[in-house]
Amino acid sequence: MTSSSSSHITLTKFCETQYKGSDTYDGLEAVINAIASGAYELESQIRNGNLLGMLGSTGDINIQGEIVQQLDSISSDTFVRKFQDSMHVAMVGCEEIEHPVLFENSDQSDQHDYIVLMDPLDGSSNIDVAVSIGSIFGIWKRQNSKTLSPESLLRPGAEQIGAVYVVYGSCTVLVVATQDKVNEFTMNPANGEFHLTSADISYPNKTPYYSVNDGNTARWINGIVQAVDELRDGRSQRYIGSLVADFHRNLIKGGVFLYTADTKNTDGRLRLMYEANPLGYVSVQAGGAVSDGMNNILEIQPVELHQRVPLIIGDKGLVNQVIKTIKSS
Ligand code: P6P
């Protein structure tokens, strides 16, 4: 018998019971509800983008040196607005914005106790071909004693208090991770309400998938060719080209994602602060691992907001297997 969405607790109710008023997480419910509200708005614009002429580029180049898609700009503006309206976020760092956004008066209010780092729309190259894309958020408690500055964001990922990601796919799912808890919510497109659909997620024992861009093989260094050959044994290659979608499938079905350094991307391609750290936090809370090939990414002391990092993330056994091969190469 299929259950109706009403038989699943809503995200709003879940956050109220888990976070509101708690010593560690008070106010986190406002941050997560801001993400959910922004995701509902963005999902509609993504779904109707083609019809509304909202696909394609703005003609601008972002701080990453990449062509800005209209939906990149819309998603960034949407979530910045939602966080400002939440009255619980003091500062936002974003892939699309060169410098962090500090909400005025946040220094005066003791409510603005969270900092967010986000990739508001991950997988831009898939926007105009109807392939899954997503949004990624790392959440930190602000350090009250300090006046906020851009350097306030440069903290190791292990200091995150939570992480959230959204996948706009065949359905829209929002995954919330806090200490030892990873929960998946699915959006009812009729009203934008998210309902709990998978509680207390952890990596399964099987690892049927590995995700890597085979087109980079000629550029791989440090034993990655051998490491990928070892992953191929008995597994299927699944690579969507949207990190957050590949990550989610590997979390639910079992597997590992690699985007390591190579002769072109000598520091890797993906971003430490708003891709590797948030998803690394989720992975670890679900019993997985995250590494740059030598060390736990969550221990890295950042030096620059938009710095890149080699990324191996997913099933702990497979992450460690890749690290072992790299170290013995
Ligand atoms: P490539 C999307 O642009 C992205 O940042 C990630 O979401 C994705 O995993 C990666 O780049 C894809 O990169 O080089 O395989 O196209």
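Residues numbered from 1 in each chain as written. Predicted model: local features only at pLDDT ≥ 70, side-chain atom pairs only at ≥ 80, totals over all residues. Heavy atoms only, no water.

J.: Provide a residue-level description of the overall build of the protein chain, including the pertinent values.
T.: Secondary structure assignment for the protein chain yields seven helices and 15 strands. Its C-alpha atoms give the protein chain a radius of gyration of 19 Å, near enough to 20 Å, the size a compact globule of 329 residues would have. Looking at the protein chain as a whole, 55% of its 329 residues are labelled buried. For the protein chain, restricting intrachain contacts to residue pairs at least 6 apart in sequence, the fraction spanning at least 24 positions comes to 67%. Surface accessibility of the protein chain: about 14000 Å² in total, with carbon and sulfur atoms responsible for 47%. Both charge centroids of the protein chain, one from 24 positive and one from 39 negative side chains, sit 6 Å from each other. (Helix = DSSP H or I, 4+ residues; strand = E, 2+ residues; numbered from the N terminus. Rg over C-alpha atoms; globule rule 2.2 N^0.38 Å. Buried < 20%, exposed > 50% of the residue type's maximum accessible area, 1.4 Å probe, protein only. Contact = heavy atoms within 4.5 Å. Areas by Shrake-Rupley, 256 points an atom, 1.4 Å probe, with all protein chains shown as cover. Lys, Arg positive; Asp, Glu negative; His and termini not counted. Charge placed at Lys NZ, Arg CZ, Asp CG, Glu CD.)

J.: For the side chain of histidine 248, give the residues involved together with the corresponding values.
T.: Along the chain, histidine 248 falls in helix α5 (residues 243-253). A polar contact of 2.6 Å, which involves the side chain of histidine 248, links it to the side chain of tyrosine 165. With sequence-adjacent residues up to four places away left out, histidine 248 is seen in contact with Tyr165, Val167, Val173, Val175 and Glu184. (Polar contact = N/O pair within 3.5 Å; in protein donor to acceptor, adjacent residues only side chain to side chain.)

J.: Just give me the short version of the site of the ligand, but keep the residues and values in it.
T.: The local shell around the ligand consists of Asp122, Gly123, Asn213, Tyr239, Gly241, Ser242, Leu243, Phe257, Tyr259, Arg269, Leu270 and Glu275. Contact between the ligand and tyrosine 239: an oxygen atom at 2.6 Å from a side-chain N or O atom of the residue. Considered on its own, the ligand offers 400 Å² of accessible surface; in the complex 82% of this is hidden by protein. Of the residues contributing to the shell around the ligand, the split by class is five nonpolar, four polar and three charged. (Near = heavy atom within 4 Å. Nonpolar A, V, L, I, M, F, W, Y, C, P; charged D, E, K, R; others polar.)

J.: Report on the state of the cysteines, specifying residues and quantitative values.
T.: Counted according to the given criterion, the structure contains zero disulfides. Of the cysteine sulfurs around cysteine 15, a residue in no disulfide, the closest is that of cysteine 171, at 18 Å. Cysteine 15 sits in the buried class, given a relative accessible area of 0%. (Disulfide = S-S within 2.5 Å.)

J.: Outline the packing of α5 against helix α6 (residues 272-285), supporting the account with residue identities and numerical values.
T.: Closest axis-to-axis distance for the α5/α6 pair is 12 Å, and the angle between their directions is 10°. Comparing the axis directions of α5 and α6 gives the class roughly parallel. Here Leu243, Val244, Phe247 and Leu251 of α5 come into contact with α6, specifically with Glu275, Leu279, Val282 and Ser283. Here the contact of α5 with α6 is composed, by residue class, of six nonpolar, one polar and one charged. (Axes fitted to C-alpha atoms, helices over the stretch in contact; angles between N-to-C directions. Parallel < 35°, antiparallel > 145°, perpendicular 65-115°, else oblique.)

J.: Give me the lowdown on the domain arrangement of the protein chain, citing residues and values where you can.
T.: Domains assigned within the protein chain are domain 1 (3-199) and domain 2 (209-328). A straight line from the C-alpha centre of domain 1 to that of domain 2 covers 22 Å. Each partner contributes to the roughly 2800 Å² buried at the junction of domain 1 and domain 2, and carbon and sulfur atoms together form 61% of this total. Seen at the junction of domain 1 and domain 2, the total is zero salt bridges. Scanning the region where domain 1 abuts domain 2 turns up 16 residue pairs in polar contact (both at pLDDT 80 or more). Contributing elements (two or more residues each) for the side of domain 1 that touches domain 2: β4 (97-102), β5 (114-122), β6 (133-141), β7 (162-168), β8 (172-178) and β9 (181-188). Here the side of domain 1 that touches domain 2 takes seven residues from β6, the largest share from any one element. Its residues assigned to classes, the side of domain 1 that touches domain 2 shows 24 nonpolar, 13 polar and eight charged. (Domains from an automatic or database assignment. Buried area = accessible area lost by both parts, 1.4 Å probe. Salt bridge = Lys/Arg side-chain N within 4 Å of Asp/Glu carboxyl O.)

J.: Report on the pairing of strand β13 (residues 255-259), specifying residues and quantitative values.
T.: Taken across its five residues, β13 has five buried, putting it largely inside the fold. Burial along β13 is two-sided: Gly255, Phe257 and Tyr259 and Val256 and Leu258, pointing in opposite directions, are all buried. Where strand β11 (residues 209-211) lies against β13, three bridges are found, and the strand directions are parallel. Across the sheet, serine 211 pairs through a bridge with phenylalanine 257, a residue of β13. Here four bridges tie β13 to strand β15 (residues 311-314), and the two strands are oriented antiparallel to one another. Among the inter-strand pairings, tyrosine 259 is bridged to a residue of β15, identified as leucine 311. (Pairing = 2+ DSSP bridges.)

J.: Report on the nonpolar core, specifying residues and quantitative values.
T.: Leu11, Ile35, Phe83, Met118, Phe137, Tyr168 and Leu174 are the most contacted members of the largest nonpolar core, which totals 42 residues. If you tally residues by element for this core, the top one is helix α2 (residues 28-52), at nine residues. With residues up to four places along the chain from it excluded, the contact list for leucine 11 reads Ile32, Ala36, Leu174, Val176, Phe185, Glu193 and Phe194. Counting 41 residues, the second-largest nonpolar core is a separate cluster that includes Trp140, Leu153, Tyr165 and Leu311. (Core = buried A, V, L, I, M, F, W, Y, C linked by side-chain atoms within 4.5 Å.)

J.: Explain the packing of aromatic side chains to me, and be specific about the residues and the numbers.
T.: Applying the stated criterion across every chain yields a total of seven aromatic pairs. Measuring from ring centre to ring centre gives 5.9 Å for phenylalanine 83 and phenylalanine 137, while their planes differ by 75°; the resulting arrangement is edge-to-face. Here phenylalanine 83, found in helix α3 (residues 70-86), pairs with phenylalanine 137, found in strand β6; they are 54 residues apart in sequence, far enough to count as distant. The same class applies to phenylalanine 83 as to phenylalanine 137, namely buried. Here the aromatic rings of tyrosine 239 and phenylalanine 257 are separated by 6.2 Å at their centres, their planes lie at 15°, and the arrangement is stacked. (Phe/Tyr/Trp six-rings, centres within 6.5 Å; stacked < 30°, edge-to-face > 60°.)

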